[in-house]
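# Coordinate inspection notes
This is what each chain is made of:
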Amino acid sequence: MAGIRLQNVKKIYDKKFTAVHDFTMEIKDEEFIILVGPSGCGKSTTLRMIAGLEDISAGELYIGDKLVNNVAPKDRDIAMVFQNYALYPHMTIYKNMAFGLEMRKVPKHEIDRKIKEAAKSLDIEQLLSRKPKALSGGQRQRAALGRAIVRDPQVFLFDEPLSNLDAKLRTQMRTEIKRIHNELKTTFVYVTHDQTEAMTMGDRIVVMKDGYIQQIDTPQNLYNNPVNLFVAGFIGTPQINAINCKIDKCKDKLCAIVGKYAIEIPKKISEEKSLDKIIGKNVVLGIRPEYTKIAKDGIKAKVVISELMGSECYIHMDIGKDRIISRTSTVLDAVSGEAVYVKFDMEKAMFFDEKTGIRI
Amino acid sequence: MRKSRGNAIVYIILSVLGIIWVLPILWVIMTSFRQEAGSFTPYFFPKGFTFQNYINLFAENTTFNFSRWFSNTLIVSVFSCVLSTFYVLSVSYTMSRLRFRMRKKMMNIALVLGMFPGFMSMIAVYYVLKLFGISQSLLALILVYSSGAGLGFYVAKGFFDTIPKSLDEAAMLDGASKGMIFRRITLPMSKPIAIYTVVTSFMAPWVDYIFASVIMGDSYENYTVALGLFSMLEKEFIHSYYTRFAAGAVIVSIPIAILFVLTQRFYVQGITGGSVKG
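Residues numbered from 1 in each chain as written. Chains lettered and ligands numbered in written order. Predicted model: local features only at pLDDT ≥ 70, side-chain atom pairs only at ≥ 80, totals over all residues.

## Regarding the domain arrangement of chain B
Residues and elements named next belong to chain B. Each assigned domain of chain B is listed with its residue range as follows: domain 1 (2-55) and domain 2 (64-266). Distance between the C-alpha centres of domain 1 and domain 2: 30 Å. Elements with a minimum of two residues in the side of domain 1 that touches domain 2: helix H1 (2-32) and helix H2 (52-59). Looking at which element gives the most residues to the side of domain 1 that touches domain 2, the answer is H1, with four residues. In the side of domain 1 that touches domain 2, the residues fall into four nonpolar, five polar and one charged. (Domains from an automatic or database assignment. Helix = DSSP H or I, 4+ residues; strand = E, 2+ residues; numbered from the N terminus. Nonpolar A, V, L, I, M, F, W, Y, C, P; charged D, E, K, R; others polar.)

Below, the structure is given as structure tokens:
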């Protein structure tokens, strides 16, 4: 059991392309950390650097108290679960799980005990004598998990392990992995591009973009207090509404001017964010779909489409040039092209710089 | 209706081709059992059948020492086969999995070198061997056949390339060394290509004539079967030894046939199935 410390870790390919810039963070022992971001953001590269499958171009990586920059992957005491399972096809599941232990010269009876134990916990006991070919996708991923578990490593690494599974299995495996984490009490580092996985599983989430860390925080904080428009947009489905507006004075309060409408900003927010300093400036108003309600009056919007999700309804609308979504629990038969009025719960409003996207 | 007619035409063409292909083989087999001597007969089926040609081939070794040649060839082929297979698979794996400077360039050079026929270097090879004092020896043949084998890595490399890299990485994290990964993961998954390499590198020295003739010269003792059998066809021998030559040709094809029968069951498709999503 060990924590991981990354100090200004960098990955530069071919002396030209920088995949990861100055990655610095401390992963606590037994923590479940999720690296999330769009494809090409450097999350997998970071994970592979922790695993030792990629060289670290600059910076320092510690597992426990040990500097492991130049330690071979096999000596880092880590186990990894791959997106494509990477089971050895010519070996039975039992042999697959035993391979790593055999390499480490663990006694035979010990190997047997560990495999039986892990197989039981993953409910794959009856599959041990089969080859990967004879397993379904979900079973293969369980077997791959089992191969990692029997090793009893200090750190578990997951590289998008659920991306190849169908939606139902994915939900199932999500809880499974979470359960394993609770049981094993080991450090987990998990890479995904799926923000639902990130939100539901992680103790803390690292949001990355273009090789830079955007924000490291708990799921709840990421959702409520994103540092910039990218994080705000990446976390949460449907996406946060981003509306271009202008801060202006109206009577004794400040307002966000959207087209010809002036939306009052509560005093609490305008004071906390000292919005009075940016009067007259164009900013982006961010507001989550659940705080965007269809009302009798308010801002006029044109319905584009309404998606019925069963218990709730997403209504896509246009306000001027901006597309917004309202998430309502009441089923509304909005016909596309119909004009409706929306109201924002401005207590929950966030403001972002128009150019940099940084939260004001 | 149209389909079955098309099929019929295909089968007819295939049958004709099959007969054309099998006929010479049948003819050699017939000749090898022929009782009457002589090189050419105007008929296909021999007038009398006998095993004497085969017996004489091994029993009479004053003029032509066939059993010696046979064992020579076997020794050379087996050793070249082992060495070549080792070279080819090592080079392929290296080119497929390791990254080092000049890798691309070396592959290109190999490709260009491979375009020149091997016997272009024959005379040079002869003098080099002579310099080391090992011409006219079996060792020389083994060296010649196996040392260039590494250049023929392209097919096996192509196969190794199809094995997902994540398997290597998984094994690496499991604690396996590069050599271990090759032996325990890559090779067992590459049975078809390993077998292919074994068969081809056994057959090449088994049937080669040109290099053997240049290197062996007049050293009858160290002849391989290809050289030996051909010497039976010289003017002064051809009449009395022709049927024996045919018997020799049949014998020569037996080890290759056995090799094929033994190995063909390894040519299984989909050996990588189930390892990764796909």
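Let's pick the thread back up.
## Side note on the domain arrangement of chain A
All names here are of chain A. Segmentation of chain A into domains returns domain 1 (4-234) and domain 2 (241-353). Facing four residues of domain 1, the contacting portion of domain 2 comprises five residues. Split into classes, the residues belonging to the side of domain 1 that touches domain 2 amount to two nonpolar, two polar and no charged. (Contact = placed C-beta atoms within 7 Å.)

## Focus on the packing of helix H2 (residues 93-103) of chain A against helix H3 (residues 108-122) of chain A
Residue and element names in this part refer to chain A. Between H2 and H3, whose axes approach to 10 Å, the crossing angle comes to 130°. With respect to H3, the axis of H2 lies oblique. H2 and H3 meet at a crossing whose hand is right-handed. Contacts between H2 and H3 involve Tyr94, Met97, Ala98, Leu101 and Glu102 on the former and, on the latter, Ile111, Lys114, Ile115 and Ala118. Of the residues assigned to the contact of H2 with H3, the class counts are seven nonpolar, no polar and two charged. (Axes fitted to C-alpha atoms, helices over the stretch in contact; angles between N-to-C directions. Parallel < 35°, antiparallel > 145°, perpendicular 65-115°, else oblique. Left-handed = near helix turned anticlockwise from the far one by under 90°.)

## Points about helix H4 (residues 137-149) of chain A
All names here are of chain A. Taking 1.5 Å as the rise per residue, H4 with 13 residues should run 18 Å; its terminal C-alpha atoms sit 18 Å apart, in good agreement. Taking burial as the measure, the 13 residues of H4 include eleven buried ones, the bulk of the element. Of the residues making up H4, those classed as buried are Gln139, Arg140, Gln141, Arg142, Ala143, Ala144, Leu145, Gly146, Arg147, Ala148 and Ile149. At its buried positions, H4 is contacted by strand E6 (78-81), H2, H3, strand E7 (155-159) and helix H5 (167-184). (Expected span 1.5 Å × (residues − 1). Buried ≥ 20, exposed ≤ 12 C-beta atoms within 10 Å, placed from the backbone.)

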